[in-house]
Amino acid sequence: MGVSATNAGGAGSPGPPVELVLRSTRVVTPEGVRAAAVAVAAGRITAVLPYDSVPCDSVSYGSDLRTPAAAGGPAVEDLGDDVLLPGLVDTHVHINDPGRATWEGFATATRAAAAGGITTLVDMPLNSVPPTTTVAHLRAKQATASGRTHVDLGFWGGALPGNRADLRPLHDAGVFGFKAFLSPSGVDEFPSLGPADLAPAAARIAAFGGLLIVHAEDPHHLERAPQPHGPRYAGFLASRPRAAENAAIARVLDVAARLGTRVHILHLSSAEALPMIADAKADGVPVTVETCPHFLTLTAEEVPDGATEFKCCPPIREAANQDALWAGLADGTIDCVVSDHSPCTTDLKVPDFGRAWGGISSLQLGLPVMWTEARRRGHTLHDLARWLSGGPAALAGLRTKGAVEAGRDADFAVLAPDETFTVDPAALHHRNPVTAYAGKTLHGVVRSTWLRGRRIAGPGGVTEPTGLLLERQRSA
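What you see is a predicted model, and the numbers here were worked out from it, not measured in a lab.

### Section: the side chain of His215
Then step 1. Examined against the element boundaries, His215 turns out to sit in strand S11 (residues 211-215).
Then step 2. Reaching out from His215, the side chain makes a polar contact with the side chain of Glu217 at a distance of 2.8 Å.

### Comments concerning the sheet that holds S11
Then step 1. Taking strand neighbours across the sheet as the criterion, the 6 strands line up as S9-S10-S11-S12-S13-S14 in an open arrangement whose pairing is parallel. Looking along the sheet, the strands with just one partner apiece sit at the ends: strand S9 (157-158) and strand S14 (336-337).
Then step 2. Judged from the 4 bridges that link them, S11 and strand S12 (residues 262-265) form a sheet pairing that is parallel. The partner of Val214 across the bridge, within S12, is Ile265.

### Description of the pairing of S11
Then step 1. Burial runs high along S11: 5 of the 5 residues are buried.
Then step 2. With burial as the criterion, each face of S11 is covered, one bearing Leu211, Ile213 and His215 and the other bearing Leu212 and Val214.
Then step 3. As a crossover connection, the stretch from strand S10 (residues 178-181) through helix H4 (residues 198-207) into S11 is right-handed.

### Focus: unusual backbone geometry
Of all residues except glycine, most have a negative phi; of all peptide bonds, most are trans.
Then step 1. A cis amide bond, omega 5 degrees, links Asp97 with the succeeding residue Pro98.
Then step 2. Take Pro98: it is sitting in the loop between strand S6 (88-93) and helix H1 (106-115).
Then step 3. With omega at 5 degrees, the peptide bond leading from Val129 into Pro130 counts as cis.
Then step 4. Not every positive phi belongs to a glycine, and Ala42 is a case in point at roughly 50 degrees.
Then step 5. Mapped onto the elements, Ala42 comes out in the loop between strand S2 (32-41) and strand S3 (44-50).

### Thoughts on the sheet that holds strand S8 (residues 152-155)
Then step 1. Ordered in space as S6-S7-S8, the 3 strands form an open sheet in which the pairing is parallel. If you trace the sheet from one side to the other, it starts and ends with S6 and S8, each paired once. Neighbour-to-neighbour, the strand axes of this sheet turn through a mean angle of 20 degrees, independent of strand direction.
Then step 2. In this structure, strand S7 (residues 118-123) lies alongside S8, joined through 4 bridges in parallel fashion. The residue bridging Asp123 from the neighbouring strand is Phe155, located in S8.
Then step 3. On top of the sheet, H1 reaches S7 and S8; it is set at about 140 degrees to S7, its chief contact.

### Brief notes about the nonpolar core
Then step 1. Core analysis: the largest hydrophobic core is formed by 95 residues, its most contacted members being Leu121, Leu268, Leu367 and Met370.
Then step 2. Of all the elements, helix H7 (residues 242-259) adds the most residues to this core, at 6 residues.
Then step 3. The residues touching Leu367, leaving out its near neighbours within four places in the chain, are Leu85, Leu88, Gly116, Leu384, Leu388, Ala413, Leu415 and Val446.

### Quick notes on helix H10 (residues 319-330)
Then step 1. In this model H10 runs 17 Å from its N-terminal to its C-terminal C-alpha over 12 residues, within 8% of the 16 Å that 1.5 Å per residue would give.
Then step 2. The first or second residue beyond H10 is Gly332, which carries a positive phi of 90 degrees.

### Some thoughts on the confidence of the model for the protein
Then step 1. A residue-level look at the protein finds 93% of positions with pLDDT of 70 or above and a mean pLDDT of 93.
Then step 2. Overall, residues 1-12 carries pLDDT values under 50, and its contacts beyond four positions in sequence, including any with other chains, amount to 23 contacts.
Then step 3. Low pLDDT (under 50) marks residues 56-66, which in the prediction has 25 contacts with non-local residues, meaning those over four places away or in another chain.

### A closer look at the environment of Leu348
Then step 1. Tracing the backbone shows Leu348 in the loop between S14 and helix H11 (366-376).
Then step 2. Residue Leu348 is classed as partly exposed on the basis of its relative accessible area of 28%.
Then step 3. Distance in space between the C-alpha atoms of Leu348 and Trp103 is 9.8 Å, their sequence separation being 245 residues.
Then step 4. Here Leu348 is in contact with Trp103, Ala356 and Trp357, once residues within four sequence places are set aside.

### Quick notes on the packing of aromatic side chains
Then step 1. Overall, the coordinates contain 9 aromatic pairs when judged by the stated rule.
Then step 2. Centre to centre, the rings of Phe178 and Phe208 are 6.0 Å apart; their planes meet at 70 degrees, and the pair counts as edge-to-face. With Phe178 in strand S10 and Phe208 in the loop between H4 and S11, this pair connects stretches of sequence that are 30 residues apart. Taken individually, Phe178 and Phe208 each receive the classification buried, so the pair is uniform in this respect.
Then step 3. Pairing Phe181 with Phe190 gives two aromatic rings, centres 5.9 Å apart and planes at 75 degrees, and the pair type is edge-to-face.
Then step 4. The structure contains a cluster of three or more aromatic residues connected by ring pairs, namely Tyr233, Phe236 and Phe353.

### Some remarks on the pattern of salt bridges
Then step 1. If you walk through the whole model with that rule in mind, you get 26 salt bridges.
Then step 2. Here Lys401 makes a salt bridge to Asp152, at a shortest N to O gap of 2.7 Å. Note that Lys401 is positioned in the loop between helix H12 (381-396) and strand S15 (412-422) and Asp152 in strand S8, a separation of 249 residues in sequence. This pair shows no difference in class: Lys401 is buried, exactly as Asp152 is.

### Structural notes on the state of the cysteines
Then step 1. Here the structure, examined in full by the defined rule, presents 0 disulfides.
Then step 2. For the unlinked cysteine Cys292, the closest cysteine sulfur is that of Cys312, found at 7.6 Å.
Then step 3. Residue class for Cys292 comes out buried when judged on its relative accessible area of 0%.
Then step 4. No disulfide involves Cys313; its sulfur sits 6.8 Å from the nearest other cysteine sulfur, which is in Cys312.

Conventions used here
- Starting from 1, residues in each chain are numbered consecutively following that chain's sequence as written.
- In keeping with the predicted nature of the model, local features appear solely for residues at pLDDT of at least 70, side-chain atom pairs appear and are counted solely at 80 or more, and the whole-chain, interface and lining totals rest on all residues.
- Hydrogens and water molecules were not included; the side-chain quantities draw on all heavy atoms of the structure.
- Helix numbering and strand numbering both begin at the N terminus, where a helix is a DSSP run of H or I of at least 4 residues and a strand a DSSP run of E of at least 2.
- Pairing of N or O atoms within 3.5 Å defines a polar contact, subject to two protein rules: one partner must be a possible hydrogen donor and the other a possible acceptor, and residues neighboring in sequence count only if both atoms are side-chain atoms.
- Between any two strands, pairing holds if DSSP finds at least two bridges.
- Note on classification: 1.4 Å probe, protein chains only; a residue is buried when its accessible area is under 20% of the maximum for its type, exposed when over 50%, partly exposed between these limits.
- Assignment of crossover handedness uses the view with strands pointing away from the viewer, where a clockwise path from the first strand over the helix to the second indicates a right-handed crossover.
- Every angle, taken between N-to-C directions, lies between 0 and 180 degrees, and every axis is a line fitted to C-alpha atoms, over only the stretch in contact when it is a helix.
- The contact criterion used throughout is that any non-hydrogen atoms of two residues lie within 4.5 Å.
- Here, nonpolar core refers to any group of buried Ala, Val, Leu, Ile, Met, Phe, Trp, Tyr and Cys residues whose side-chain atoms link them within 4.5 Å.
- Given the number of residues in a helix, its expected span is that number minus one, multiplied by 1.5 Å.
- The predictor rates its confidence in each residue with pLDDT, a number between 0 and 100.
- We call Phe, Tyr and Trp rings a pair once their centres come within 6.5 Å, taking the six-membered ring for Trp, and we label the pair stacked below 30 degrees between planes, edge-to-face above 60, and tilted otherwise.
- A pairing counts as a salt bridge when a side-chain nitrogen of Lys or Arg comes within 4 Å of a carboxyl oxygen of Asp or Glu.
- Disulfides are defined as cysteine sulfur pairs within 2.5 Å.

Below, the structure is given as structure tokens:
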């Protein structure tokens, strides 16, 4: 679907009539934050205009912006000083449907996303049953999701020891890339790639220009570490040492350098790995990196005994490590921030760090969680949009997502950045009321969320599902 030159502000044939104009004194664009009026037609942004150009005598977009909506003109909504951000893109979400829908399902996960300002998700290939490791399994997952998603939704495929022949068919079927574990995943149906498996899988993926995304923890380091048990978080932290991450990341970077495979490091927790990642990028190795809100806002020092809602792999580390992660985010070594929303039923969060399921539930809270800490550290709303929207969209090749500019989908999050609220797990939309952020007071209230020019969440709650199932966009 193209955008006409007229709609982009130049000469050419008229495009579709403008249906909606959103005005705000603070619109976050790729160039910065400014007062603007954003024109929308047929689900796309057609122009980002000066704030006072509505009404405007000098611009024609196939619909007269001076004509009130009641007389057939576009609807105009003035957001005042609330911030208009690009809709968030979260490329690391475990929805677990079908098979473990009691942990999380498409309806509940995407409702939480909509309430939190997220307009696009990409679902991980586990912990659903079946996992997304063949085209047939992908079709089963798409059939389960169809008509139930409140936001747009795509899918990652999985790279397992036995499915190398399935990788190209999955790529052609539209998955965004392939997830692999280098250590046990926690579920039997998704085994890890061993030392003899990683390079052949990476070579296969490189042959068709695909993307390999990696849970990078080295199993040998994990086996040699003290095994976790009991309620003390320090014991769990010792069981997932930085060295395990560092060694696995070094392996992935070596494979990417030798084979030319595009690789992405998932949920970076160890800041010690940042220098080698920065060096690899400087050498032209095709690597990108993500981290997560919990690594940037929670610290090992604050985890109470038995509080397994804080358990995840790799783990939340110490405050000094967190400071270094923020520095890596600020200097661009880390490309994006995504949730790694990995929920489970409440009974699996037993107060024993050795036995509890590992995963942080945070899908609805990522924007205020990140803004609360970012503003404290002197970062801007423009930074936030780059980390939570533009970066993940670029990772997945979602060229119509991730920015407020002409030609992109009209996906928006409207944020009141100075308002605060206290997290009540019972008020969250994800399926099970477990979160590490319970009781925290956060800055940033999501006023509304818009998907392709339609409000999907706001004061009246979340609307009926209108999300689309997405496939990887082919190169032009």
